[in-house]
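Topology and contacts: notes
What follows is each chain in one-letter form.
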Amino acid sequence: MCGIIGYTGRRQAAPVLLDGLKRLEYRGYDSAGIALVRGTGFFVRKKKGRVEELSETASERGTVGIGHTRWATHGEPSERNAHPHVCGKFALVHNGIVENGFRLRKELEETGEIFSSDTDSETVVRLLNRLYDGDVLAALKKTAERLEGSYALAILCADFPDEIFCARRASPLIVGVGAGECYAVSDPVAVAGREGKFYALSDGEFARLSPDGATVYDRYLRPVAKEEKQYGRAEVPQLGAFRHFMRKEMEEIPDAIEKSLLKFIDEPLKNLMRRTKSVSIVACGTAYHSGVAAKTAIEALARIPVEVCVASEYRYGNPVSGEGTLVLAVSQSGETADTIAAARLAKERGASVVAVTNVADSTLTTAADLTLYTYAGREIGVAATKSYNAQLALLYSFAVALAQGKGREELPYSALTELPALAKRALRACDGVRSWAQRFQNARSVFFIGRGSDYAAALEGSLKLKELSYLPSEGYAAGELKHGTLALIDRNTPVVALLTNREIAEKTMNAVHEAYARGARVFLVTSLPEYALRKEVSASVVVPETDPLFSPALSVIPLQALAYYTALACGNDPDKPRNLAKSVTVE
Ligand code: F6R
């Protein structure tokens, strides 16, 4: 998703901006641009495609500037739609969506504005320029009052050539103050390793940055004191000996699981668990799939009903939640707009909200009563890998704690502590799927099937494959195949079957047989080696056995590898799948 970097200081701004934009690349983008204050105006360069396209601007002079990576929402990916947008005395970069952008644009056009892009962001800079009469903050406040939706803004004004002006609502923005310099960034990675003090703007706040420091203002433009955050201490992940971050991040899975298991339940969480009569899990994408896996474990162990909701549906539904409902809002980034909105709605309705996130001080934490952190470390690959396993570790140990709190003592916690070592062994199984990739790359479509926990892992395996290889793929409940979907299966449809629960293995094998009988090649991921020998199975990998409730934490690993190798076989970059963004901060 879009990324912002702004710099004002004693150094040349262009190299700082380009470095920041490179670090923001992992978020997913389709164009990039920078603006530098130059005389009484601006130097602006924008390009469709990669940040490298801007590399010739590194020698451009100027100590104040803003930069942006754009992930298209309004208007196609193109140079004219790339940011910064300039109007009169202002250059502006914007993250978020101006929901009344179309109306504002019409209003501005009717009174003579001529737009040069198709973006909602350009309405902001045009409105600001109209409302400006020498006081930037006052004009910015009036502009913000007209905007509906979300924004993080970094703005240059030709009348104040040393300064950057900022505003935030529902899109993250961080201000950094170093010695003789200031930064404005949308993502801590852009300032990782930089010296200085860092502050996160809250919704409705504004900021004014100069080489001498920064002042943050509330919605009425009264200066506010901010609490310092430790963003500068974060490290910029390096590839090391790996070709891609995705593969490196998979190797970090055992560590992510180990660190994310809940080792201690404090009193506030215990109290909250005691009051819990039902659980709702709200999340998107991979995080939603970890919720599906957690449902099986929580219901089996704690005997509490669990619903798992796609956050974008929950927020516009009419959810039945209130006292006694515990809402787990799960999000790697903690910045997913739909998940944050779902958490806020749940809280409004009287539910207790626990955020489960990998990012300290992310916006989701502000919408929750309590936060539980996963410790997967920064994830750069757009496709989630280690963060999924970390979420599972946390949610499974949460399930065990919830069950303990309900007086259910006979619990498989020791199976959880063994998961990191078993995950190391599961990683060794990844080589086994490398050769499968050739057979998948030309498939018409792919099915991933399983029952119970295996179904949860099938959903995630399928998402990984489609986002990285661009092959149509579906995760399906094995028993449901015969109720219509079997019509899609033929010899060009590989079927990946998951089999980790001995008690229902034969039932899943019925579905395998039905697919095999229609000509499908069946690829098995199992912890039950005897099934690998069945005649229906074309190829198999064996993962270590664990309690079937927790098996997705292991069985997903070869599926992640399958998606990785298939992406390579298809000639795709596994770290940067087309059209996708790492954190989806818009609706
Ligand atoms: C898929 C993937 C996405 C995210 C989803 C939610 O590999 O990464 O589906 O899981 O966008 O993101 P978070 O967890 O940051 O809320």
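All chains use their own residue numbering, which begins from 1 and follows the written sequence. Totals for whole chains, interfaces and linings use every residue, but because this is a predicted model, local features are given only for residues with pLDDT of at least 70 and side-chain atom pairs only at 80 or more, for both listing and counting. The basis for every side-chain value is the complete set of non-hydrogen atoms in the structure, without hydrogens or water.

Topic: the domain arrangement of the protein
Rules: An automatic or database domain assignment supplies the start and end points of every domain. Throughout, a contact is declared for two residues whenever any of their heavy atoms are within 4.5 Å. Note on definitions: buried area is the accessible-area loss of two parts on being combined, 1.4 Å probe, summed for both. Think of a salt bridge as a Lys or Arg side-chain nitrogen and an Asp or Glu carboxyl oxygen that are within 4 Å of each other. N or O atoms within 3.5 Å of each other form a polar contact, as long as, within protein, one can give a hydrogen and the other can take it, and as long as residues adjacent in sequence are counted only when both atoms are side-chain atoms. Numbering of helices and strands runs from the N terminus; a helix is a DSSP stretch of H or I covering at least four residues, while a strand is a stretch of E covering at least two. Classification convention: Asp, Glu, Lys, Arg as charged; Ala, Val, Leu, Ile, Met, Phe, Trp, Tyr, Cys, Pro as nonpolar; all other residues, Gly among them, as polar.
Looking at the assigned domains, one finds that the protein contains domain 1 (3-224), domain 2 (239-411) and domain 3 (424-575). Look at where the C-alpha atoms of domain 2 and domain 3 centre, and you get two points 25 Å apart. With 29 residues of domain 2 at the interface, the matching set in domain 3 holds 26 residues. Summed over both sides, the interface of domain 2 with domain 3 buries roughly 2,300 Å², with 68% coming from carbon and sulfur. At the boundary of domain 2 and domain 3, one finds zero salt bridges. The interface formed by domain 2 and domain 3 holds 12 residue pairs in polar contact (both at pLDDT 80 or more) in total. Elements supplying a minimum of two residues to the side of domain 2 that touches domain 3: α5 (245-251), α6 (253-260), α8 (285-302) and α12 (386-405). The class makeup of the residues in the side of domain 2 that touches domain 3 is 18 nonpolar, eight polar and three charged.

Brief notes about the sheet that holds strand β18 (residues 352-357)
Going by this rule: Here the rule is simple: two strands pair whenever DSSP picks up at least two bridges between them. Axis definition: a line fitted to C-alpha atoms, limited for helices to the stretch in contact. Angles are taken between N-to-C directions and run from 0 to 180 degrees.
Pairing in this open sheet of five strands is parallel, and the strands run β16-β15-β17-β18-β19 from one edge to the other. The open sheet is flanked by β16 (306-310) and β19 (370-373), the only strands paired with a single partner. Direction aside, neighbouring strands of the sheet carry axes that sit 20° apart on average. Running over the sheet, helix α10 (residues 337-348) touches β15 (278-283), β17 (325-331) and β18 and is turned about 165° from β17.

Comments concerning the site of the ligand
Selection criterion: Being near a molecule or strand, for a residue, means having at least one of its heavy atoms within 4 Å of it. Per-residue accessibility takes into account occlusion by the displayed protein chains alone, with areas from the Shrake-Rupley method and a 1.4 Å probe.
What surrounds the ligand is a group of 14 residues, the closest being Ser331, Gln332, Ser333, Thr336 and Glu467. Here Ser331 contributes a side-chain N or O atom positioned 2.6 Å from an oxygen atom of the ligand. One nitrogen or oxygen atom from the side chain of Glu467 is found 2.5 Å from an oxygen atom belonging to the ligand. Here the ligand has 400 Å² of accessible area as a free molecule, and 90% of this is covered by the chains.

Quick word on the layout of surface pockets
Unoccupied space between atoms shows up once a probe the size of one water molecule is rolled over them. Convention followed: Every definition here rests on a 1 Å grid over the protein atoms only: cavities are sets of points where a 1.4 Å probe fits but cannot get out, pockets are open sets enclosed by protein on both sides within 12 Å along at least five of seven lines, and lining residues have some atom within 4 Å of a point. Grid points are joined across faces, edges and corners, and a volume is the space filled by probe spheres set on the points.
One number sums up the size of the second largest pocket: a volume of about 590 Å³. Together, 30 residues line the second largest pocket, and Gly285, Thr286, Ala581, Lys582 and Val584 are the ones closest to its centre. At the level of elements, α8, β17, α10, α12 and α17 (453-469) are the ones that each hand at least two residues to the lining of the second largest pocket. The element contributing the most residues to the lining of the second largest pocket is α17, with four residues. The residues that make up the lining of the second largest pocket include at least three from each of domain 2 (239-411) and domain 3 (424-575).

A few points about empty space enclosed by the protein
In this structure the tally under the stated criterion is one cavity of 30 Å³ or more. Quantified by volume, the largest cavity comes out at close to 80 Å³. Lining the largest cavity are Cys2, Arg70, Trp71, Thr73, His74, His83, His94, Gly96, Thr119, Asp120 and Ser121. Split into classes, the residues belonging to the lining of the largest cavity amount to two nonpolar, seven polar and two charged.

Section: helix α18 (residues 502-517)
Cut-off, in case you're wondering: Multiply 1.5 Å by the residue count of a helix minus one, and that product is the helix's expected span. Type-normalised accessible area, obtained with a 1.4 Å probe on protein chains alone, sets the label of each residue: buried when under 20%, exposed when over 50%, and partly exposed for intermediate values.
Compared with the 22 Å implied by 1.5 Å per residue over 16 residues, the 23 Å span of α18 between its first and last C-alpha is a close match. Listed in full, the buried residues belonging to α18 are Ala505, Thr508, Met509, Ala511, Val512 and Ala515. Lining the buried residues of α18 we find β20 (446-450), β22 (495-499) and β23 (522-526). The N-cap residue of α18 is Asn501: its side-chain oxygen and the backbone nitrogen of Glu503 are 3.1 Å apart. Of the residues one or two after α18, Gly519 is the one with positive phi, at around 95°.

Let's talk about the pairing of strand β10 (residues 181-185)
Taking burial as the measure, the five residues of β10 include five buried ones, the bulk of the element. Neither face of β10 is open: one carries Glu181, Tyr183 and Val185, the other Cys182 and Ala184, and all of them are buried. Looking at chain direction, strand β1 (residues 3-9) and β10 are connected through five bridges and run antiparallel. Looking at β10, one finds that Thr8 is bridged to Cys182.

Comments concerning α10
Spanning 12 residues, α10 covers 17 Å between terminal C-alpha atoms, matching the ideal 16 Å at 1.5 Å per step. Counting buried residues in α10 gives nine out of 12 residues, a clear majority hidden from the surface. Listed as buried for α10 are Ala337, Asp338, Thr339, Ile340, Ala341, Ala342, Ala343, Leu345 and Ala346. Those residues of α10 that are buried are in contact with β15, α9 (311-314), β17, β18 and α11 (363-366). Of the residues one or two after α10, Gly350 is the one with positive phi, at around 95°.

Brief notes about the sheet that holds strand β21 (residues 473-477)
The five strands are arranged β21-β20-β22-β23-β24 in an open sheet whose pairing can be described as parallel. A single partner strand is all that each edge strand has here, and the edge strands are β21 and β24 (537-542). Averaged over neighbouring strand pairs, the angle between their axes works out to 20° when direction is ignored. Pairing between β20 and β22: three bridges, direction parallel. Each residue of the ladder has a partner; that of Phe448, found in β22, is Val496. In the packing of α18 onto the sheet, the strands contacted are β20, β22 and β23, and the crossing angle to β22 comes to about 170°. On the sheet, helix α19 (residues 552-569) packs against β20, β22, β23 and β24 and is oriented at approximately 160° with respect to β22.

A short note on the packing of helix α14 (residues 419-428) against α19
Spelled out, the test is: Angle categories: roughly parallel below 35 degrees, roughly antiparallel above 145, roughly perpendicular from 65 to 115, and oblique for all the rest. The crossing is said to be left-handed when, going from far helix to near helix, the turn is anticlockwise and less than a right angle, and right-handed when the turn is clockwise.
Where α14 meets α19, the axes come as close as 9 Å, and the angle between the chain directions of the two elements is 20°. With respect to their mutual orientation, α14 and α19 come out roughly parallel. With respect to the hand of their crossing, α14 and α19 are arranged in right-handed fashion. Across from Leu419, Leu422, Ala423, Ala426 and Leu427 in α14, the residues of α19 making contact are Ala553, Leu554 and Ile557. Tallied by class, the residues present in the contact of α14 with α19 amount to eight nonpolar, no polar and no charged.

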